[in-house]
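Residue strings, one per chain:
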Amino acid sequence: MGRRARQREGLDTELADLPPELRWREWMGRVEAVIFASPEPVPREVLARVVGRDCNLELLIDDIREELRGRPYELVSVAGGWQHRTRKNFGEAIRAATGLGAAVTKPLSQSEALILMCIAYFQPITRGELGRVFGKEISRDVIGHLRALGFIAAGPRSPTPGAPYTNVTTKTFLSHFGFESLRDLPDIELLEDAGLLSKDKLLADSFPDGFGATAAGVDGDDEDIERDEPLAG
C-alpha cells in the first residue's frame, strides 16, 4: 500500500477530473506506452501502477488489441505478461530488410530441440536423468548452449547422491516460443498420438524413428530445426 501511495504522489492514476471515456483512453495510452518501452513482457502488477484502482486491465488490453487489428504488430500475452510483437507474416520482410532473426539467433539443432522439449515436460530434471531418458550421456556443451540462450536455468538440487542441480525452463523460453505459462505447452497426449513424445517410451528406451543417437547431442549429424522468431515491436 505504501509503494502504491508514493507512486500516486507523482502520477495521477485515478484521473478523477476526466470524463470516463477520456480517462479510459489515457489509461490505454499509458499501458501501451509501458509495454512498448519494455524489451521484456510486462506483468500485470507493473501495469497496475499507471492506472486507477478500479481499472479492469483485461478489458483495457482487449481494447488495445482491437485498435491494433490490421496493424503489422500486436499485443500478445507471454511469460506472465504482455508484449508488443511483430505479426509472424511480416517476419520474412523484416529479415530481408534488416537481417534481424537469422543472424541474431542460431536455429536449434534436432538434439537441442528434443532435449529442451524433454526438460520442458519433465522438469526439474538433471543431466544424468536426461542421459537415462535418451540412452546416452548428454553433452555439457548442449546444456551450456541452452543456458546461454536463456531457455533453461539451474533448478533445485536433486535428492539423488551428489545432489546435482536440476534443469528447468525460464521465462525467456516461454516468451520465445509464445507461451504464457507451462500450462500452454501442447498436451503430452497429443504429442504421444503424433509419435513425437512419450514419457513411458522414453523411460523404456524406446524412441521414435530418428530419436536415438542424434538426440543425445553427442553422435550423428544434427539437422537444424528452425524456430519461430517472434520479433519485438
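The coordinates are above.
All figures in this text were calculated on a predicted structure; none of them were measured in a lab.

Asker: Tell me about the overall build of the protein, residues and numbers included.
Answerer: Within the protein, the regular secondary structure consists of 11 helices and 8 strands. With 233 residues in all, the protein has 36% of them scored as buried. Taking contacts inside the protein between residues at least 6 apart in sequence as the whole, the part at least 24 apart equals 59%. Of the accessible surface of the protein, which amounts to about 13,600 Å², a share of 52% is contributed by carbon and sulfur atoms.

Asker: Run through unusual backbone geometry, naming residues and quoting values.
Answerer: Residue Pro-124 is bonded to the preceding Gln-123 through a cis peptide linkage, with omega at -5°. One non-glycine residue, Leu-15, adopts positive backbone phi at about 50°. In this structure, Leu-15 sits in the loop between helix H1 (2-10) and helix H2 (20-37). Owing to a relative accessible area of 6%, Leu-15 belongs among the buried residues under this scheme. We note that Ala-79 has phi near 50°; this positive angle belongs to a residue other than glycine. Within the fold, Ala-79 resides in the loop between strand E2 (73-78) and strand E3 (81-86). Here Ala-79 falls in the buried class, since its relative accessible area comes to 9%.

Asker: Pulling in residues and values, what's your account of the pattern of salt bridges?
Answerer: Pairing is possible between side chains of opposite charge, provided their charged atoms come close. In the structure shown here, the tally under the stated rule is 7 salt bridges. A salt bridge links Arg-30 to Glu-26, with the nearest nitrogen and oxygen atoms 3.0 Å apart. Taken together, the residues Arg-30 and Glu-26, both in helix H2 and 4 residues apart, mark about one turn of the helix. Taking relative accessible area as the criterion, Arg-30 reaches 14% and is therefore assigned buried. Using a relative accessible area of 34% as the deciding quantity, one classes Glu-26 as partly exposed. Where Arg-44 meets Glu-58, a salt bridge forms, and the shortest distance between an N and an O atom there is 3.1 Å. Here Arg-44 is found in helix H3 (residues 44-47), whereas its partner Glu-58 is found in helix H4 (residues 57-67), with 14 residues between them in sequence.

Asker: Explain the packing of aromatic side chains to me, and be specific about the residues and the numbers.
Answerer: All told, the structure shown has 4 aromatic pairs when counted by the stated rule. Considering the side-chain rings of Phe-151 and Phe-177, the 5.4 Å spacing of their centres and the 55° angle between planes classify their relative orientation as tilted. Of this pair, Phe-151 sits in the loop between helix H8 (140-148) and strand E5 (152-157) while Phe-177 sits in the loop between helix H9 (171-176) and helix H10 (188-193); the two residues are 26 residues apart in sequence, bridging distant segments of the chain. Through a chain of ring-to-ring contacts, the aromatic side chains of Phe-151, Phe-173, Phe-177 and Phe-179 assemble into a single cluster. Over the aromatic face of Tyr-165 sits the side chain of Arg-157, whose NZ or CZ is 3.9 Å from the ring centroid.

Asker: Got a sec to walk through H4? Specific residues and values, please.
Answerer: Looking only at H4, the buried set comprises Leu-57, Leu-60, Ile-61 and Ile-64. Buried residues along H4 cover an arc of 100° about the axis, so they all sit on one side. For H4, the elements touching its buried residues are H2, H3, E2 and E3. For H4, the N-terminal cap is Asn-56; the gap from its side-chain oxygen to the backbone nitrogen of Glu-58 is 3.1 Å.

About the criteria used
- Starting from 1, residues in each chain are numbered consecutively following that chain's sequence as written.
- Residue-level local features of this predicted model are given only where pLDDT is at least 70; pairs of side-chain atoms are given and counted only at 80 or more, and the full residue set underlies all totals for whole chains, interfaces and linings.
- The side-chain numbers reported here are obtained from all heavy atoms of the structure, hydrogens and water having been left aside.
- We count a stretch as a helix when DSSP gives it H or I for four or more residues in a row; a strand needs E for two or more, and each element gets its number in order from the N terminus.
- Accessibility here uses a 1.4 Å probe with only protein chains present; expressed as a share of the type maximum, an area under 20% marks a residue as buried, one over 50% as exposed, and anything in between as partly exposed.
- Residue contacts are defined here by distance: any two heavy atoms, one from each residue, within 4.5 Å place the two residues in contact.
- Areas reported as accessible are Shrake-Rupley estimates using a 1.4 Å probe. Residue values count occlusion only from the protein chains shown.
- Here a salt bridge means any side-chain nitrogen of Lys or Arg lying within 4 Å of a carboxyl oxygen belonging to Asp or Glu.
- Here a Phe, Tyr or Trp ring, Trp counted by its six-membered ring, pairs with any other such ring whose centre lies within 6.5 Å, and the pair is stacked when the planes are under 30 degrees apart, edge-to-face when over 60, and tilted otherwise.
- We call a charge positioned above a ring when the Lys NZ or Arg CZ atom is no farther than 6 Å from the ring centre and deviates by at most 35 degrees from the ring normal.
- It is the directions from the helix axis to the C-beta atoms that the arc portrays.
- Pairs of N or O atoms within 3.5 Å make up the polar contacts considered here, provided that, within protein, one atom can donate a hydrogen while the other can accept it, and that residues adjacent in sequence are counted only when both atoms are side-chain atoms.

So yeah, pure geometry; function would need other evidence.
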